[in-house]
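Now for the letters of each chain:
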Amino acid sequence: AKIVKKVIMILEAEKITYDVDTLMLYCNKEYPRFRNIITGIQQYVTKNGNILDKGILDEAGIDVGIYDLIANGKFTLVKKEIFSSSFNIDALFRGLFDNLLKMFETNTSVYAPMLITINQYMVQHSTVIDKEINAVALVMELIGIIQGG
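Residues numbered from 1 in each chain as written. Predicted model: local features only at pLDDT ≥ 70, side-chain atom pairs only at ≥ 80, totals over all residues. Heavy atoms only, no water.

1. Quick notes on the environment of Lys54
No. 1: Mapped onto the elements, Lys54 comes out in the loop between β2 (51-52) and α4 (65-71).
No. 2: A C-alpha to C-alpha distance of 8.9 Å links Lys54 and Asp21, two positions 33 residues apart in sequence. (Helix = DSSP H or I, 4+ residues; strand = E, 2+ residues; numbered from the N terminus.)

2. A word on the packing of helix α7 (residues 108-125) against helix α8 (residues 131-148)
No. 1: Contact pair α7 / α8: the axes reach a minimum separation of 10 Å and the direction vectors enclose 170°. Here α8 runs roughly antiparallel to α7, going by the angle between their axes. Seen from α7, the contacting residues are Val110, Pro113, Met114, Thr117, Ile118, Tyr121, Gln124 and His125; seen from α8, they are Lys131, Asn134, Ala137, Leu138, Glu141, Leu142, Ile145 and Ile146.
No. 2: When grouped by side-chain class, the residues that make up the contact of α7 with α8 number 10 nonpolar, 4 polar and 2 charged. (Axes fitted to C-alpha atoms, helices over the stretch in contact; angles between N-to-C directions. Parallel < 35°, antiparallel > 145°, perpendicular 65-115°, else oblique. Contact = heavy atoms within 4.5 Å. Nonpolar A, V, L, I, M, F, W, Y, C, P; charged D, E, K, R; others polar.)

3. Considerations on unusual backbone geometry
Most peptide bonds take the trans configuration, and most residues that are not glycine carry a negative phi.
No. 1: Positioned with a positive phi, Lys15 is a non-glycine residue whose angle comes to about 55°.
No. 2: The topology assignment puts Lys15 in the loop between α1 (2-13) and β1 (17-18).
No. 3: For Asn50, which is not a glycine, the phi torsion comes out positive at approximately 60°.
No. 4: Relative to the helices and strands, Asn50 is located in the loop between α3 (34-47) and β2.

This is the structure:
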């Protein structure tokens, strides 16, 4: 609630039109990463004409090239991207299902363990304090599965 109040103060000072319900949903989605909340809102309203609406909840903010990096074992580059201030970790899980798993559909020795691992980390995601570390651990485990398969 404190974060939402601070963000409302900023939005009103900057004369940005916003919907309180959307703002609360977005803050809950990004909590406790205050920097990500501010950066995400700033990027969204800059391209959306100083209006904060439900569209921010659909913003993926992930370059699909990240899935190729994971598939090719480029851990350091993926880690750097995850720790960037604008990376949307929530969208990562959906993207892993939609993009990375499709690359391995015919390889059942890799596909099944990857699916189970993504699911386990998605469940953990809601309870961990540092979501970036959880995401990096997931990527490390996925790369291990891919390289071992």
